[in-house]
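# Examination of the molecular architecture
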Amino acid sequence: EAERELEVEREEARKREALEWGTKFNVYRSDLTKQDNAVLRETFVTDTKSIYQEVDALARKHRAALDSLGVFDDSINTLRAESQKRVLLSKRLRLEELKRRSEQQVEARSLLAR
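What comes next is a walk through the structure.

Analysis parameters
- Residues numbered from 1 in each chain as written.
- Predicted model: local features only at pLDDT ≥ 70, side-chain atom pairs only at ≥ 80, totals over all residues.
- Heavy atoms only, no water.
- Core = buried A, V, L, I, M, F, W, Y, C linked by side-chain atoms within 4.5 Å.
- Buried < 20%, exposed > 50% of the residue type's maximum accessible area, 1.4 Å probe, protein only.
- Helix = DSSP H or I, 4+ residues; strand = E, 2+ residues; numbered from the N terminus.
- Contact = heavy atoms within 4.5 Å.
- Salt bridge = Lys/Arg side-chain N within 4 Å of Asp/Glu carboxyl O.
- Axes fitted to C-alpha atoms, helices over the stretch in contact; angles between N-to-C directions.
- Parallel < 35°, antiparallel > 145°, perpendicular 65-115°, else oblique.
- Left-handed = near helix turned anticlockwise from the far one by under 90°.
- Nonpolar A, V, L, I, M, F, W, Y, C, P; charged D, E, K, R; others polar.

### Considerations on the nonpolar core
Core analysis: the biggest nonpolar cluster contains 12 residues, these being A18, V27, L32, V39, L40, F44, V45, I51, V55, L89, L98 and V106. The element best represented in this core is helix α2 (residues 34-69), accounting for 6 residues. Not counting residues within four places of it along the chain, the set of residues in contact with L32 comprises N37, L40 and V106.

### What to know about the pattern of salt bridges
Throughout the structure, instances matching the rule amount to 15 salt bridges. A salt bridge links K49 to E17; its shortest N-O distance comes to 2.8 Å. Separated by 32 residues along the polypeptide, K49 in helix α2 and E17 in helix α1 (residues 2-24) bring together distant segments of the chain. Looking at E17, the relative accessible area reads 22%, which means it is partly exposed. A salt bridge links D56 to R60; the shortest N-O distance between them is 3.1 Å. With D56 and R60 both in helix α2 and 4 residues apart, the pair spans about one turn of that helix. Judged by its relative accessible area of 17%, D56 is buried. Salt bridges linked by common partners bring E11, R14, K15 and E42 together as one network.

### A short note on the packing of α2 against helix α3 (residues 74-92)
For the pair α2 and α3, interaxial distance at closest approach is 9 Å and the crossing angle is 155 degrees. When the axis of α2 is compared with that of α3, the two are roughly antiparallel. Of the two possible hands of crossing, α2 and α3 adopt the one that is right-handed. Within the contact between the two elements, α2 uses I51, Y52, E54, V55, D56, L58, A59, H62, R63, L66 and D67 and α3 uses D74, N77, T78, R80, A81, Q84, K85, L88, L89 and R92. In the contact of α2 with α3, the residues fall into 9 nonpolar, 4 polar and 8 charged.

Set out below in structure tokens:
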């Protein structure tokens, strides 16, 4: 029972977060149903977080590799890895591209449901 309640809380938190992000980043289409717009927002948030996690993992690996080489001080390696992370995030987290991909996923889902 406690597991089920925890799962319901997580689902509600995910939906609230998607609604907040959707409002902040204007993730909405007037030609979609309320349910499809909710899926659009959730897809947008999930994809964005996934990309961030991938880039963050790459930056941590890069920093660990630099630290193991010992060429620079650990604090310099941290700065270098964080710089690399910002560059990769700016390339991979493009708002319009994320919206477009999320819309395509919702459209494909709607076609399959027909």
